[in-house]
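# A look at the structure
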Amino acid sequence: MAGEAARPGEAGDAIGGVIPRAVHAPASVAEAAEVLRSAAAARQRLAFLGGGTDLGTGAAPAALDAVVRTARLARIVEYAPSDQIVVAEAGVTLAALQAALGRERQRLALDPPWPERATLGGVVAANAYGALRTRYGSVRDLLIGATLVRAEGTVVKSGGKVVKNVAGFDVARLMVGSLGTLAMVAVANFRVHPLPEVVETVVVPGLAPGAVWGLVRALRGARLEPAATAALGAVARLDLGVRFEGFEKGVRDQAARAVEIAAAAGHDPVRGEAAAAFWGRHDARRRAGPVRLRVQAVPAALEAVARAALAPLEALLADAGVVWYPALGTGFVSGAPAAPAELAGAVAGARRALAAAGGTLTVAAAPAELAPAPDPWGPQPPAFALMRALKERFDPERRLAPGRFVGGL
Amino acid sequence: MLAERIAEIVGRDHCITDAAELETYSCDGLTHRRVRPAVVALPATTEEVAAVVLAAREAGVPIVPRGSGTGLSGGALPVEGCVLVGLSRMNRILEVDLENGRARVQPGVTNLSVTAAVAASGWYYAPDPSSQSVCSIGGNVAENSGGAHCLKYGFTVNHVLSARVVLDGGEVVEIGGPSLDPVGYDLLAPLVGSEGMFGIVTEVTLRLLRKPEATRTFLAVFPSTTEAGNAVSGIIGAGILPAAIEMMDALAIQAAKAATGLAWPDEGAILLMDADGPAAEAEDTAARAVEIARAAGATLVRLPADDAERDLMWKGRKCAFAAVGRISPSYLVEDGVIPRSEIARVLAEIAAMAGAAGLRVANVFHAGDGNLHPLVLYDERIPGQLQAAEKLGADILALCVRCGGSITGEHGVGNEKAQAMSLMFSADDLDAMSAVRCAFDPALRFNPGKVFPTPRLCGETPGPYRPHPAELAGQAERW
């Protein structure tokens, strides 16, 4: 086999507690393809592993013969600052990519937690995101193409290296959030954006969920365009951070207007130094665990979602906290299990409440010893038969992280 | 008889079998390729669509879905013996939810009527293909349509939250959901842009946006496309994200003037740019861009005095395709993408290629994202000129691919560019796309003959089922 020989798996290579027999670390797409071809010939079950920041998502794989680590797929293949696109291998960490882009005063507008560890392949596979999603969208909105290695070891390309492109069906975007159960993302092509000249945050502390939505709605009504909005804290008492980015004049003007709007609503907004610490707190809460639940609902339902889904979960967690992105209707509840036996039931209850608001809940992290363990995905989605058909077409022998995805896919 | 069965389903008035009437449906915006369908069904509900699909399936006949028929790549070109399913009667906006910024619509609703329904409340639907007053949302979903403003706001795929789809078995499936990140594979990603080959979309939930507080437009005139191209690079390089930045070359300017009576100067190139956002930001951004355009050699910069003048400027741009009809009996609309930094070089090469072919090419395009629309002018009365124009069009696409670009930025592959897919994708790449299609439509019922350069089969669905050793060992179970 090309590249380094496989080494035996160790506890640090485990996915969902399943330790693989072998670990591969291909150093090129060609080597990765060779690894997958050999594994196919031996009918081995595989999983792909980047920085391991989202391994808590999904069920434990049924079995793993080998893990393919992407750490040595660490090249930025092509970066064209004037075309604002970058093509990079799956093992490049977000921080390494941002450092390279930063030298040209650009960035990938994705800011999930653990950028030092999170790899591009992992970010795609887990559909990881941060507060910038408010303005720039998620992975699917920034990914313009990919090189994949299919289950049998075939290297395929989808999309391209230009932002605007509708040639062929979008196989690259299909990989977003698929947790490596359809193919290996070996190279990802992204659109990048200019770094802002100025950044300013306005923080409005101590809001009830209804007030958070009211304020976000008022900012929207005033046609302000924050780059990020996040509500942070305990469900009943959230601090709303509103970040503006861009050229000096526009940013200062918007921040001043946001302060006026918040003050007129009877709140006590702060700017400058007092607001600067907000994003550090946000990042810390995004990393918090060991229980971390990912929640989605229609944005206007925040008050009901907080009451019927977020608060009951928070009540069962110690050091509990919430990050909610109110403009998007997505967020996370995290903490340590304070009533471990009740958590799985509360997760199921929260799912029922969320369904009424068009929402869903997935487990982003939970300690293995939790019993009963919360269902990582919840009920099968309406299009499950199509998802199963897709899995059959991409991985007919069910060798890629078998069982990790929704409904045992 | 299939036609009889379809007439029973949709009503005799909405089932077309008359040869002259069928001719209307024999092509879309790619008018020089025509195939008459066997029968046209115009269903009014999802249930009728499902019943028509089942009838076609029982008869073993292919189905070609069609929206408004404005597509420029032959995506709605019928195939021999097909049932063409026209969705123009499913043209209702079912629900508008401004609190959540969403609208649920039927596929026959026109793009612009979505915006019209919410404009009074200060909202709009962002993707804005030039044909937006007539093109349908269903067609937009099929082709992943863009428009002038997608550099900043994205394409259809970025604005669809969910879709109801009728599959070959007549099943009706909801894909996506009301909130972000629905559980499971992102089936919406390949569905949008699937060119009618996965099923028939009968309902779509769209994301709506707040209309920006301010839009600042300017028009800048340059001696040639080289200076205009440099201005675009300068503006983007300065960290500005224009809402739109459009370029027209001399021939396109001439055509637009003839059609609209606009008093634009006869120069080498015009840039039309929108900066939008909160007022202070739009103002500042536009001022910076104007400065860059002047430094790049703009001989004239015009700021519209009012909305009426702004609308007129945009009218000149949006009517440019049609306007070319004033200076040429016929023309082909191409749709290639190149890296933005290559604009000047590629335009020069296109001019040289056109010269060698003895044809004229007008260029009207989305400069910000390098999406070229070369309009290849020809006269069909001159024997061989259509063929020469088609050859030049294909050569231009090949040039785009050589530069690292794409054969289509927004019009789709359709029938027209199916052969050109081989320029961009290997057989293995196409296999992966085919695998997605086969998951949706293993019988290849929907819209055959599009996208793929050679016919593809889905093969056996994997099976018969053999238990995996892990299952036998009780470590796993079949899904």
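Residues numbered from 1 in each chain as written. Chains lettered and ligands numbered in written order. Predicted model: local features only at pLDDT ≥ 70, side-chain atom pairs only at ≥ 80, totals over all residues. Heavy atoms only, no water.

In total, this model carries 9 aromatic pairs over all chains according to the counting rule given. Between B:Phe198 and B:Phe440, the aromatic rings sit 4.4 Å apart at their centres with planes inclined by 20°, giving stacked as the arrangement. Pair noted here: B:Phe198 is in the loop between helix 7 (188-191) and strand 10 (200-207) and B:Phe440 is in helix 16 (residues 427-440), with a separation of 242 residues, a long-range link. Across the pair, exposure class does not vary: B:Phe198 and B:Phe440 are buried alike. Grouping aromatic residues by their ring pairs yields a cluster made of A:Phe169, B:Phe198, B:Phe440 and B:Phe452. The side chain of A:Arg150 reaches across the aromatic face of A:Phe394, ending 4.8 Å from its centre. Positioned above the aromatic ring of A:Trp279, the side-chain terminus of A:Arg243 is 4.5 Å from the ring centre. (Phe/Tyr/Trp six-rings, centres within 6.5 Å; stacked < 30°, edge-to-face > 60°. Helix = DSSP H or I, 4+ residues; strand = E, 2+ residues; numbered from the N terminus. Buried < 20%, exposed > 50% of the residue type's maximum accessible area, 1.4 Å probe, protein only. Lys NZ or Arg CZ within 6 Å of the ring centre and 35° of its normal.)

A few words on the interface of chain B and chain A. Across the boundary between the two partners, chain B contributes 102 residues, which contact 87 residues of chain A. Buried surface at the junction of chain B and chain A, summed over both partners, amounts to about 7700 Å²; 58% is from carbon and sulfur atoms. Element by element, the count of residues in the side of chain B that touches chain A is highest for helix 16 of chain B, at 11 residues. Within the side of chain B that touches chain A, the residues separate by chemical class into 50 nonpolar, 26 polar and 26 charged. (Contact = heavy atoms within 4.5 Å. Buried area = accessible area lost by both parts, 1.4 Å probe. Nonpolar A, V, L, I, M, F, W, Y, C, P; charged D, E, K, R; others polar.)

Geometrically, the link from A:Gly289 to A:Pro290 is a cis peptide bond, its omega value of 5° lying close to zero. Counting through the fold element by element, A:Pro290 comes out in the loop between helix 10 (278-287) and strand 15 (291-296). Residue A:Pro372 is bonded to the preceding A:Ala371 through a cis peptide linkage, with omega at -5°. Within the secondary structure, A:Pro372 is located in the loop between strand 18 (360-365) and helix 13 (384-394). Phi at B:Asn144 is positive, roughly 50°, even though this residue is not glycine. By the element assignment, B:Asn144 lies in the loop between helix 5 (137-143) and helix 6 (150-153). For B:Asn144, a relative accessible area of 5% gives the class buried. Although it is not a glycine, B:Val451 sits at a positive phi angle of roughly 70°. Among the structural elements, B:Val451 can be located in the loop between helix 16 and helix 17 (469-472). On the basis of relative accessible area, B:Val451 is assigned to the buried category, the value being 1%.

What follows concerns the environment of A:Ala300. Assignment of secondary structure puts A:Ala300 in the loop between strand 15 and helix 11 (302-314). When the C-alpha positions of A:Ala300 and A:Arg69 are compared, they lie 41 Å apart, and in sequence the two are 231 residues distant. The contacts of A:Ala300, once residues within four sequence positions are left out, are A:Trp213, B:Glu99 and B:Asn100.

Let us now look at the domain arrangement of chain B. Each domain of chain B was delimited in the assignment, giving domain 1 (2-86), domain 2 (93-210) and domain 3 (214-402). Between the C-alpha centres of domain 1 of chain B and domain 3 of chain B there is a distance of 36 Å. (Domains from an automatic or database assignment.)

Residues and elements named next belong to chain A. The buried fraction of strand 10 (residues 183-191) amounts to 9 of the 9 residues, a majority that puts the element mostly inside the structure. Looking at chain direction, strand 8 (residues 143-150) and strand 10 are connected through 7 bridges and run antiparallel. Looking at the pairing, Thr147 lines up with Val187 of strand 10. (Pairing = 2+ DSSP bridges.)

Let us look at the packing of helix 11 of chain A against helix 12 (residues 340-355) of chain A. All names here are of chain A. One way to put it is that helix 11 packs onto helix 12 with a least axis distance of 9 Å and a crossing angle of 170°. By the angle class used here, helix 11 and helix 12 are roughly antiparallel. Residues Val305, Ala308, Ala309 and Leu313 of helix 11 form the contact with helix 12, whose own contacting residues are Ala346, Val347, Ala350, Ala353 and Leu354. (Axes fitted to C-alpha atoms, helices over the stretch in contact; angles between N-to-C directions. Parallel < 35°, antiparallel > 145°, perpendicular 65-115°, else oblique.)

To continue, consider the sheet that holds strand 10 of chain B. Residue and element names in this part refer to chain B. On the basis of which strands lie adjacent, the open sheet formed by 5 strands has the order 5-6-10-8-9 and antiparallel pairing. The outermost strands of the open sheet, each flanked by one partner alone, are strand 5 (93-97) and strand 9 (172-176). Each strand axis lies, on average, 15° off the axis of its neighbour in the sheet, ignoring direction. When strand 8 (residues 160-166) meets strand 10, the two strands line up antiparallel, connected through 6 bridges. Its bridge partner being in strand 10, Arg164 is matched across the sheet by Glu203. Lying on the sheet, helix 4 (residues 111-118) is in contact with strand 5, strand 6 (102-105) and strand 10; it crosses strand 5 at an angle near 45°.

Take the state of the cysteines next. Residues and elements named next belong to chain B. Under the counting rule described, the total for this entry stands at 1 disulfide over all chains. With its sulfur 1.9 Å from that of its partner, Cys438 forms a disulfide with Cys458. Between Cys438 and Cys458, the S-S dihedral sits near -90°, and the bridge is therefore left-handed. Of this pair, Cys438 sits in helix 16 while Cys458 sits in the loop between helix 16 and helix 17, and the two are 20 residues apart along the sequence. Judged by relative accessible area, which is 10%, Cys458 ranks as buried. Between Cys135, a cysteine without a disulfide, and Cys150, which holds the nearest cysteine sulfur, the sulfur-to-sulfur distance is 13 Å. (Disulfide = S-S within 2.5 Å.)

By size, the foremost hydrophobic cluster in this structure holds 93 residues, and its most contacted members are A:Phe190 and B:Ile175. Ignoring anything within four residues of it in the chain, the contact list for B:Ile175 reads A:Ala383, A:Leu386, B:Leu161, B:Ser162, B:Ala163, B:Val165, B:Leu187, B:Leu188, B:Leu191 and B:Phe440. Of all hydrophobic cores here, the second largest spans 47 residues; its members include A:Leu238, A:Val333, A:Val347 and A:Leu354. (Core = buried A, V, L, I, M, F, W, Y, C linked by side-chain atoms within 4.5 Å.)

Before going further, it helps to spend a moment on the side chain of B:Asn363. Residue and element names in this part refer to chain B. Inspection of the secondary structure assignment puts Asn363 in strand 18 (residues 360-366). The buried category is assigned to Asn363, whose relative accessible area is 5%. Setting aside anything within four residues of it in sequence, one finds Asn363 in contact with Met247, Met248, Asp249, Ala252, Leu347, Ile350, His373 and Pro374.

Right, let's get into the environment of B:Ala250. For B:Ala250, the position within the fold is in helix 9 (residues 250-260). Taking the C-alpha atoms as reference points, B:Ala250 and B:Val39, 211 residues apart in sequence, are found 45 Å from one another.

Below, the discussion takes up the pairing of strand 9 of chain B. All names here are of chain B. As defined by bridge partners, strand 8 adjoins strand 9 across 5 bridges and the pair is classed as antiparallel. Each bridged residue has a counterpart across the sheet, and for Ser162 the counterpart in strand 9 is Gly176. The hairpin turn running from strand 8 into strand 9, its antiparallel successor, is 5 residues long, and Gly170 in that turn takes a positive phi close to 85°.

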